[in-house]
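Chains, contacts and geometry: an overview
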2 protein chains.
Amino acid sequence: MKHTEGLEWAIHSCSLLAMVPTDFPLPARLLAEFYDLPEPYLAKQMQKLSVAGIVETRRGPQGGYALARQATEITLLQIVEAIDGAERHFVCTEIRRCGPTGVEDRFYTRPCGIARSMWRAEAAWRKELAAVKLSDIQKLGEDETPAEQAAKAIAWFQGKLQKG
Amino acid sequence: MKHTEGLEWAIHSCSLLAMVPTDFPLPARLLAEFYDLPEPYLAKQMQKLSVAGIVETRRGPQGGYALARQATEITLLQIVEAIDGAERHFVCTEIRRCGPTGVEDRFYTRPCGIARSMWRAEAAWRKELAAVKLSDIQKLGEDETPAEQAAKAIAWFQGKLQKG
């Protein structure tokens, strides 16, 4: 069981959007350049984030993606669900009712314990992800980004801003 | 992100093996019949459980699958990992080091906070699954199986035992 490959890209892109000035939307082209990613595939992830209302698209020559709300109002769970979907990972097809020993549906008054156990674990996973805000991710990023990279990134963004 | 379809089958099959007498191994054919599943696909899941040391194969005309250890010594996590693999769901490809602002690897002394946040949630999920034993699943199954089905199942197994 694996997340979509683009999930890592989407979280990093949101983290980057949380760092740049809000009046400086980033087109998918710049996001892709910043992380050395294939632009068409990254654009697909950004579109999913847009559909989920996590980022918004600003049009025009200076257009691009910006966060649709504050980084304190976006959780890691929301980003994960925007990219991977919000469906349960464990699908219960009620096989306990099948086969030669199954009985009529009306006799199954209690939900299947196997599904409940699997879903309880998923709930613990979701709870952890819901507790992490994009602002937390941004703070972690600031702490762990080498000073050398931070300086290069600021210079890179200043160059892009001046060109714009 | 979805589990392998066969995971539901594998957990139910283990639960069934926990219920039958230990001297009555079940061939994949009977397990498939009990749950109305496609035998070749179920056999693949049973093979994975065998590789993981959760079930063992008993050979001969009365052969089949039996639990390799007590139901109190098998966890839901072990079954899930046997079927879906034990790899992390979130793969970190370190894209923070890529692009025009990346710096030399030696400057990255702290692991990526995005990966750590994702893995912390996975750890919570694994902890929940590791806390559920197959004996717990078996107990849940006894509680929720309709009395009508339990009676039919006992009769079905008695018929199979007598034929054997």
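Residues numbered from 1 in each chain as written. Chains lettered and ligands numbered in written order. Predicted model: local features only at pLDDT ≥ 70, side-chain atom pairs only at ≥ 80, totals over all residues. Heavy atoms only, no water.

1. Details of the overall build of chain A
Note the cut-off: Helix and strand assignments follow DSSP, with helices taken as H or I runs no shorter than four residues and strands as E runs no shorter than two, numbered in order from the N terminus. Taken over C-alpha atoms, the radius of gyration is set against a globule rule of 2.2 Å times the number of residues to the power 0.38. In this analysis, two residues are considered to be in contact whenever any of their non-hydrogen atoms come within 4.5 Å of each other. Residue exposure ignores everything except the shown protein chains as possible cover, and the areas themselves are Shrake-Rupley values with a 1.4 Å probe.
Looking only at helices and strands, one finds 7 helices and 2 strands in chain A. When the helices and strands of chain A are listed from N to C terminus, the series reads α-α-α-β-β-α-α-α-α. Scaling as 2.2 N^0.38, a compact globule of 164 residues should have a C-alpha radius of gyration of about 15 Å, whereas chain A reaches 21 Å, well beyond that. Each of the three principal axes of chain A carries a C-alpha extent, and together these read 75 × 30 × 25 Å. For chain A, the share of sequence-separated contacts (at least 6 apart) that also reach a separation of at least 24 residues comes to 69%. Accessible surface, chain A: about 8,000 Å² in total, of which carbon and sulfur atoms supply 52%.

2. A closer look at the interface of chain A and chain B
We apply this condition: What counts as buried area is the accessible surface, traced by a 1.4 Å probe, that two parts surrender upon association, with contributions from both included. We define a salt bridge as a side-chain nitrogen of Lys or Arg found within 4 Å of a carboxyl oxygen belonging to Asp or Glu. N or O atoms closer than or at 3.5 Å make up a polar contact, with two conditions inside protein: a donor-capable atom paired with an acceptor-capable one, and, for residues adjacent in sequence, both atoms drawn from side chains. Gly counts as polar in this scheme, as do all residues outside two lists: the nonpolar Ala, Val, Leu, Ile, Met, Phe, Trp, Tyr, Cys and Pro, and the charged Asp, Glu, Lys and Arg.
Across the contact, 61 residues belong to chain A and 61 residues belong to chain B. Of the roughly 5,700 Å² buried at the junction of chain A and chain B (both faces included), carbon and sulfur atoms supply 66%. Where chain A packs against chain B, one counts 4 salt bridges. In this structure, Glu144 of chain B and Arg96 of chain A form a salt bridge, with 4.0 Å as the shortest nitrogen-oxygen distance. Taken together, chain A and chain B are joined by 24 residue pairs in polar contact (both at pLDDT 80 or more). Of the residues forming the side of chain A that touches chain B, the biggest block, 12 residues, is contributed by helix α5 (residues 113–130) of chain A. Among the residues making up the side of chain A that touches chain B, the classes are represented as 32 nonpolar, 11 polar and 18 charged.

3. Comments concerning helix α6 (residues 134–144) of chain A
Going by this rule: Exposure classes here rest on a 1.4 Å probe applied to the protein chains alone. A residue is buried below 20% of its type maximum, exposed above 50%, and partly exposed in between.
Along α6 of chain A, the residues classified as buried are Leu134, Ser135, Ile137, Gln138, Gly141 and Glu144 of chain A. As for α6 of chain A, its buried residues are in contact with α1 (6–19), β2 (64–67) and α4 (76–84) of chain A together with α5 (113–130) of chain B.

4. Observations concerning the relation of the copies chain A and chain B
The following threshold applies: Least squares is the method used to superpose the copies, on C-alpha atoms of residues holding a pLDDT of at least 70 in both.
Superposing chain A onto chain B requires a rotation of 180 degrees together with a translation of 0.0 Å along the rotation axis, leaving an RMSD of 0.0 Å. Both chain copies can therefore be described as sitting about a two-fold axis. For chain A, the minimum C-alpha distance to the rotation axis belongs to Trp125 of chain A and amounts to 2.5 Å. Taken together, the interface assignments show that 100% of the residues at the interface of chain A recur at the interface of chain B, consistent with an identical surface on both copies.

5. Observations concerning the environment of Thr22 of chain A
Residues and elements named next belong to chain A. Note on placement: Thr22 falls in the loop between α1 and α2 (28–35). Classification of Thr22 by relative accessible area gives exposed; the value is 64%. The spacing of Thr22 and Ala68 is 46 residues in sequence and 9.8 Å in space, taken between C-alpha atoms.

6. Details of the confidence of the model for chain A
This is how it is decided: pLDDT: the predictor's confidence for each residue, scored from 0 to 100.
Chain-level pLDDT for chain A is 93 on average; 98% of the residues reach the 70-or-more range. Here helix α7 (residues 147–163) of chain A stands out as the element of chain A with the lowest mean pLDDT, 83, in contrast to α4 of chain A, whose mean of 98 is the highest.

7. Section: unusual backbone geometry
Residue and element names in this part refer to chain A. Unlike most non-glycine residues, Asp36 shows phi in positive territory, near 55 degrees. For Asp36, the position within the fold is in the loop between α2 and α3 (39–51). Phi is positive for Glu94, close to 60 degrees, though the residue is something other than glycine. Owing to a relative accessible area of 22%, Glu94 belongs among the partly exposed residues under this scheme.

8. Thoughts on the pairing of β2 of chain A
Just so we agree on the cut-off: Two strands are counted as paired when DSSP detects at least two bridges linking them.
Where strand β1 (residues 55–58) of chain A meets β2 of chain A, 4 bridges bridge the pair, whose relative direction is antiparallel. Bridge pairing in β2 of chain A places Arg58 of chain A opposite Gly64 of chain A.

9. Observations regarding the packing of aromatic side chains
Put simply, the rule reads: Ring pairs are drawn from Phe, Tyr and Trp, using the six-membered ring of Trp, whenever the two centres fall within 6.5 Å, and their geometry is named by plane angle: stacked under 30 degrees, edge-to-face over 60, tilted for the rest. Counted as over-ring charges are cases with an Arg CZ or a Lys NZ within 6 Å of the ring centre that also lie within 35 degrees of the ring normal.
Under the counting rule described, the total for this entry stands at 10 aromatic pairs over all chains. Ring geometry for Phe34 of chain B versus Tyr35 of chain B: centroids 5.0 Å apart, planes at 85 degrees, classification edge-to-face. Assessed through its relative accessible area of 8%, Phe34 of chain B is described here as buried. Ring pairing ties together the aromatic residues Phe24, Phe34, Tyr35, Trp156 and Phe157 of chain A, which thus form one cluster. Sitting over the face of the ring of Trp119 of chain A, Arg88 of chain A holds its NZ or CZ atom 3.6 Å from the ring centroid.

10. Considerations on the nonpolar core
This is how it is decided: To form a nonpolar core, buried Ala, Val, Leu, Ile, Met, Phe, Trp, Tyr and Cys residues must be joined to one another through side-chain atoms within 4.5 Å.
In this structure, Leu49 of chain A together with Leu49 of chain B are the most contacted members of the largest nonpolar core, which totals 98 residues. Among residues more than four places away in sequence, those in contact with Leu49 of chain A are Ala10, Cys14, Ile54, Val55, Ile79, Ala82 and Ile83 of chain A.

11. Digging into the pattern of salt bridges
Per the counting criterion, the structure on display carries 22 salt bridges over all chains. Among the ionic pairs, Arg126 of chain B bridges to Glu122 of chain B, the shortest N-O distance being 3.4 Å. With Arg126 of chain B and Glu122 of chain B both in helix α5 and 4 residues apart, this pair spans about one turn of that helix. In this structure Arg126 of chain B comes out as buried when scored by relative accessible area, which is 17%. Three or more residues are tied together by salt bridges with common partners; here these are Glu94, Arg96, Arg97, Asp105 and Arg116 of chain A together with Glu144 of chain B.

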